[in-house]
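# Chain and residue survey
These are the residues of each chain, in order.
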Amino acid sequence: MTNRSYRLRGVRITPAQQAARDTLWEKYGVSFEESQIDLDALFPKKQPLVMEIGYGMGEATWQIAKANPHINYLGVEVHMPGVGKLMARLAEYELTNVRLIERDVFEVFYYMVKDESLDGVNLFFPDPWPKKRHFKRRIVQERFLSEVAAKLKPGGYLQIATDWVPYAEWITEIFSQTNLFTGGVIDRPDWRPLTRFEGQGISKDHAVNDFKFVKA
Ligand SMILES: C[S@@+](CC[C@H](N)C(=O)[O-])C[C@H]1O[C@@H](n2cnc3c(N)ncnc32)[C@H](O)[C@@H]1O
């Protein structure tokens, strides 16, 4: 079985984003390796470590990192265009508590992340894959839960937001089948910045649901 869960769509990256990525990679990028690494050593200060999976254009990433300098953030994203833009923001605000990996999170978990090394995982607006024949591509699956649980420290959390009500129902269903986590729907946390996905107008199927699960 391959560890790659996700196929790259046509990758488009503007020259400005590519230039930012090339210049700033050394500072913020973490090269994929097929071996476990000391994640704490990637940052100037050892402090709680939160992974953000699928940061997209990184709108939430830099804002959360800026507001929480006492937490280290490791962003993992497969689709490259956002990397340069996010790195430019990190440089603009001189943030030192963010590092980024360009890779499928399942490969990152499998090879690079030691068990019980993360204090939290953020998953904001995962691809909803609305068609039934694509449900198997949804990132929230039994396998995802068990891998996240393995990588979280005892008491660590998984925070999810989705703007697709049928996906919120799916999340509730998948988590009801496991005893790895406790938790469920919560009020929208005020620390989660408003991203493009939420700004797009809330309709019946697009109400935003936030979840918080704690490793049992
Ligand atoms: C709908 S976008 C949301 C982006 C961002 N979190 C936001 O709120 O604007 C979902 C993102 O997850 C990324 N993604 C999907 N599967 C992934 C995986 N297995 N590993 C890493 N990133 C993944 C996609 O490339 C995409 O950028």
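Structure first, text after, so check above.
Residues numbered from 1 in each chain as written. Predicted model: local features only at pLDDT ≥ 70, side-chain atom pairs only at ≥ 80, totals over all residues.

## Some words on helix H6 (residues 165-176)
The terminal C-alpha atoms of H6 lie 17 Å apart, and with twelve residues this matches the ideal 16 Å at 1.5 Å per residue to within 8%. Considered for burial, the residues of H6 that qualify are Tyr 167, Ala 168, Ile 171 and Phe 175. Seen from one end, H6 has its buried residues packed into an arc of 105°, which puts them on one side. Of the exposed residues in H6, those oriented more than 90 degrees away from the buried face are Pro 166, Glu 169, Glu 173 and Ser 176. Buried residues along H6 sit in contact with strand E5 (152-162), strand E6 (181-186) and strand E7 (209-215). (Helix = DSSP H or I, 4+ residues; strand = E, 2+ residues; numbered from the N terminus. Expected span 1.5 Å × (residues − 1). Buried ≥ 20, exposed ≤ 12 C-beta atoms within 10 Å, placed from the backbone. Arc of directions from axis to C-beta. Contact = placed C-beta atoms within 7 Å.)

## Some thoughts on the site of the ligand
Taken together, 23 residues lie near the ligand, and Gly 54, Gly 56, His 79, Val 105 and Phe 125 sit nearest. Mapped by element, the contributors of at least two residues to the shell around the ligand are helix H2 (59-67), strand E2 (72-77), helix H4 (105-112) and helix H7 (196-199). Two domains each provide a minimum of three residues to the shell around the ligand, namely domain 1 (15-30 + 44-113) and domain 2 (115-182 + 192-216). (Near = placed C-beta within 6 Å. Domains from an automatic or database assignment.)

## Considerations on the packing of helix H1 (residues 15-28) against helix H3 (residues 82-92)
One can describe the packing of H1 onto H3 by two numbers: an axis separation of 8 Å at closest approach and a directional angle of 60°. Between H1 and H3, the angle falls in the class oblique. The handedness of the crossing between H1 and H3 comes out as left-handed. Contacts between H1 and H3 involve Gln 17, Gln 18, Ala 20, Arg 21, Leu 24 and Tyr 28 from the former and Val 83, Gly 84, Lys 85, Met 87, Ala 88, Leu 90 and Ala 91 from the latter. Per-class residue counts for the contact of H1 with H3 are eight nonpolar, three polar and two charged. (Axes fitted to C-alpha atoms, helices over the stretch in contact; angles between N-to-C directions. Parallel < 35°, antiparallel > 145°, perpendicular 65-115°, else oblique. Left-handed = near helix turned anticlockwise from the far one by under 90°. Nonpolar A, V, L, I, M, F, W, Y, C, P; charged D, E, K, R; others polar.)

## So, the sheet that holds E7
Here seven strands make up an open sheet; going across it, the order is E3-E2-E1-E4-E5-E7-E6 and the pairing mixed. Edge positions in the sheet fall to strand E3 (98-102) and E6, since each of these pairs with one other strand and no more. The average angle at which neighbouring strand axes cross in this sheet is 15°, direction not considered. Bridge count between strand E4 (residues 118-124) and E5: six bridges; the pairing is parallel. The partner of Leu 118 across the bridge, within E5, is Leu 152. On the sheet, H2 packs against strand E1 (49-53), E2, E3 and E4 and is oriented at approximately 175° with respect to E2. Sheet strands in contact with helix H5 (residues 142-151) are E4, E5, E6 and E7, and its direction is about 135° off that of E5. (Pairing = 2+ DSSP bridges.)

## Looking at the pairing of E4
Here E4 lies mainly inside the structure; six of its seven residues are buried. Where E1 and E4 come together, four bridges link them in parallel fashion. Paired with Val 50 across the two strands is Gly 120, which belongs to E4. Once you follow E4 into H5 and on to E5, the crossover reads as right-handed. (Right-handed = clockwise from strand over helix to strand, strands pointing away.)

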